[in-house]
Amino acid sequence: MPCKNCLQKPVIKLTNSNIQLCKQHFIKYFEKKVLNTIRNYKLIEKGDRIGVAISGGKDSLTVLNILNMLRNKTKKFEIEAIAIDEGIKGYRDKTLENAKKFCKDNNIKLHIFSYKDEFGDTLDNFLKKTNMKACSICGPFRRYLLNKKSKELGFNKLATGHNLDDEAQTIIMNYFRRNIETSARLGPITGIVNDKRFIRRIKPLYFMTQKETATYAFLKNLLVEFNECPYSIDSYRGDVMEMLNNFEAKYPGTKNSIITSFLEILPLLHEHYKNYTPINNCKICNEPCSQEICQTCKIVESLKNKVKKN
Amino acid sequence: MVKVFVERENKLIKINARTAKQIMEILKVNPETVLIVKNNELILADDLLKDDDELKLLSIISSG
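Residues numbered from 1 in each chain as written. Chains lettered and ligands numbered in written order. Predicted model: local features only at pLDDT ≥ 70, side-chain atom pairs only at ≥ 80, totals over all residues.

1. What to know about the overall build of chain A
Consideration 1: Secondary structure assignment for chain A yields 12 helices and 10 strands.
Consideration 2: In terms of overall dimensions, chain A is globule-like: its C-alpha atoms have a radius of gyration of 20 Å, near the 19 Å expected for 310 residues.
Consideration 3: C-alpha extents for chain A along the principal axes are approximately 65 × 45 × 45 Å.
Consideration 4: Burial analysis of chain A (310 residues in total) assigns 37% to the buried set.
Consideration 5: Look at the contacts in chain A between residues 6 or more apart in sequence, and 68% of them connect residues 24 or more apart. (Helix = DSSP H or I, 4+ residues; strand = E, 2+ residues; numbered from the N terminus. Rg over C-alpha atoms; globule rule 2.2 N^0.38 Å. Buried ≥ 20, exposed ≤ 12 C-beta atoms within 10 Å, placed from the backbone. Contact = placed C-beta atoms within 7 Å.)

Rendered as structure tokens:
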């Protein structure tokens, strides 16, 4: 069966439908759907100065590619890229090379911040002296640096490469861990409009599946090879991802239903949690947090007290 | 026989199969986690394969 719109050979069959698209029509479909997300959820406004968080992986380079196209076309907002070097040998060094090359080729300013400069050591070395799981250090550190550095660089929004699969996993993880308040801070655009301490996050790939995003990145030659974080295998997220992929293979459309159901209840979550957890400033670093000392400073302190294991 | 390069395990194997869908069933690879590439082009899981075709299963797991 050919492409739905022409006689060309299809490169993808869309989830939960019989629609097959060729390369050209899939790229068109993908970009249109991302632009619709940006428009329908007002992710970008005139005059925005947007930081695009990139890892050099398929998702973030896809976002950067599409926002760059849109910026060049409309000239109504600015973008710069921001990357975090956690210090994961054999992985992040490779993906950062991708990121640097893409930014250089497309004339996009790239800012790189490392755990080593900001927290004193690489993630690889931190993990040698603690039993903490990689993602428990990496998640808070990365979020912290992206928010702090985005403010310093004068961004008013931060775009990330989160796709539909990532968001569906987070929603389910929050359910399983009874963490619903955290889900109130999900959605295509997050953050509090009038609180300058938090940079608002936008997720242009919110409705694009991992498979669609990878297909787009492949067709647009955005990647040389697909890399996988060596620490991701152990994570709770990895288990949820596997479960959802198994469900999706058996019951196509599952992930999409998780997202659409979630968006129906998100306004209720916002209403319910609007007065919860007052935001303080961390007593050590002065960054916003829900307790007296932020999670990042707690982890930094605990790592300082650890003696190197052999 | 079809030759399949499994990126995630970095190995080339020979399999008796008519479609990529069958290959993924044999190798227990979830179709959600890979792109199927033949001659540097994407193909669908149900596309018919010929003897000596060479496929790549590219892993697409995102990890930020």
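2. Observations regarding the packing of helix H7 (residues 164–176) of chain A against helix H11 (residues 254–272) of chain A
All names here are of chain A.
Consideration 1: Between H7 and H11, the least distance of the axes is 9 Å, while the angle of their chain directions is 65 degrees. Comparing their axes, H11 and H7 come out roughly perpendicular. As H7 packs across H11, the resulting crossing turns out to be left-handed. Residues Leu164, Asp165, Glu167, Ala168, Ile171 and Ile172 of H7 form the contact with H11, whose own contacting residues are Lys255, Asn256, Ile258, Ile259 and Phe262.
Consideration 2: Split by residue class, the contact of H7 with H11 holds seven nonpolar, one polar and three charged. (Axes fitted to C-alpha atoms, helices over the stretch in contact; angles between N-to-C directions. Parallel < 35°, antiparallel > 145°, perpendicular 65-115°, else oblique. Left-handed = near helix turned anticlockwise from the far one by under 90°. Nonpolar A, V, L, I, M, F, W, Y, C, P; charged D, E, K, R; others polar.)

3. Remarks on unusual backbone geometry
Glycine aside, a negative phi is what most residues show, and trans is what most peptide bonds show.
All names here are of chain B.
Consideration 1: Residue Lys28 is not a glycine yet carries a positive backbone phi of 55 degrees.
Consideration 2: Relative to the helices and strands, Lys28 resides in the loop between helix H1 (20–27) and strand E3 (34–38).
Consideration 3: On the basis of neighbour counts, which here come to 6 C-beta atoms within 10 Å, the residue Lys28 falls in the exposed class.
Consideration 4: Not every positive phi belongs to a glycine, and Asp52 is a case in point at roughly 70 degrees.
Consideration 5: In this structure, Asp52 sits in the loop between strand E4 (41–42) and strand E5 (54–59).
Consideration 6: Overall, Asp52 belongs to the exposed group, with 9 C-beta atoms counted inside 10 Å.

4. Topic: the packing of helix H2 (residues 58–74) of chain A against helix H9 (residues 210–219) of chain A
When two helices pack together, their arrangement is given by the angle between their axes and by how far apart the axes lie.
All names here are of chain A.
Consideration 1: Between H2 and H9, whose axes approach to 9 Å, the crossing angle comes to 65 degrees. Here H2 lies roughly perpendicular to H9, going by the angle between them. As for how H2 packs across H9, the hand of that crossing is left-handed. Across the interface between the two elements, Lys58, Asp59, Leu61 and Thr62 from H2 touch Thr213, Ala214, Tyr216 and Ala217 from H9.
Consideration 2: The class makeup of the residues in the contact of H2 with H9 is four nonpolar, two polar and two charged.

5. Section: the nonpolar core
All names here are of chain A.
Consideration 1: Judged by nonpolar contacts, the single largest core of 79 residues is most densely connected at Val52, Ile54, Leu64, Leu67, Leu123 and Ala159.
Consideration 2: In terms of residue count, helix H6 (residues 134–152) provides more of this core than any other element does, seven residues in total.
Consideration 3: Leu67 has contacts with Ile50, Val52, Ile79, Ala159 and Pro204, leaving out every residue within four places of it along the chain. (Core = buried A, V, L, I, M, F, W, Y, C linked by C-beta atoms within 7 Å.)

6. Description of the sheet that holds E4 of chain B
Residue and element names in this part refer to chain B.
Consideration 1: Taken together, the five strands give an open sheet; going across it, the order is E2-E1-E5-E3-E4, and neighbouring strands pair in mixed fashion. Both edges of this open sheet fall to strand E2 (11–15) and E4, since each of them pairs with a single strand only.
Consideration 2: Two elements, E3 and E5, share five bridges in a ladder whose sense is antiparallel. When the bridges of E5 are listed, Val37 appears paired with Lys56.
Consideration 3: Each of strand E1 (2–6), E2, E3 and E5 touches H1; the most contacted strand, E1, lies at about 60 degrees to it. (Pairing = 2+ DSSP bridges.)

7. Details of the confidence of the model for chain B
Where the model shows low pLDDT, its predicted coordinates should not be examined in detail.
Consideration 1: Of the residues in chain B, 95% reach a pLDDT of 70 or more, and the chain-wide mean stands at 90.
Consideration 2: Prediction confidence for the complex, expressed as pTM and ipTM, is 0.92 and 0.94 respectively. (pLDDT = per-residue confidence, 0-100.)

8. Regarding the pairing of strand E1 (residues 10–13) of chain A
Residues and elements named next belong to chain A.
Consideration 1: Two strands pair when backbone bridges link them, and E1 and strand E2 (residues 20–22) are joined in this way by three bridges, in the antiparallel orientation. Bridge assignment links Lys13 to a residue of E2, and that residue is Gln20.
Consideration 2: A loop of six residues connects E1 with E2, the two strands running antiparallel in sequence, and Asn16 in this loop sits at a positive phi of about 55 degrees.

9. A few points about the pairing of E5 of chain B
Consideration 1: Sheet topology note: the E1 of chain B/E5 of chain B ladder contains four bridges and is parallel. Counterpart to Lys3 of chain B in the pairing with E5 of chain B is Glu54 of chain B.

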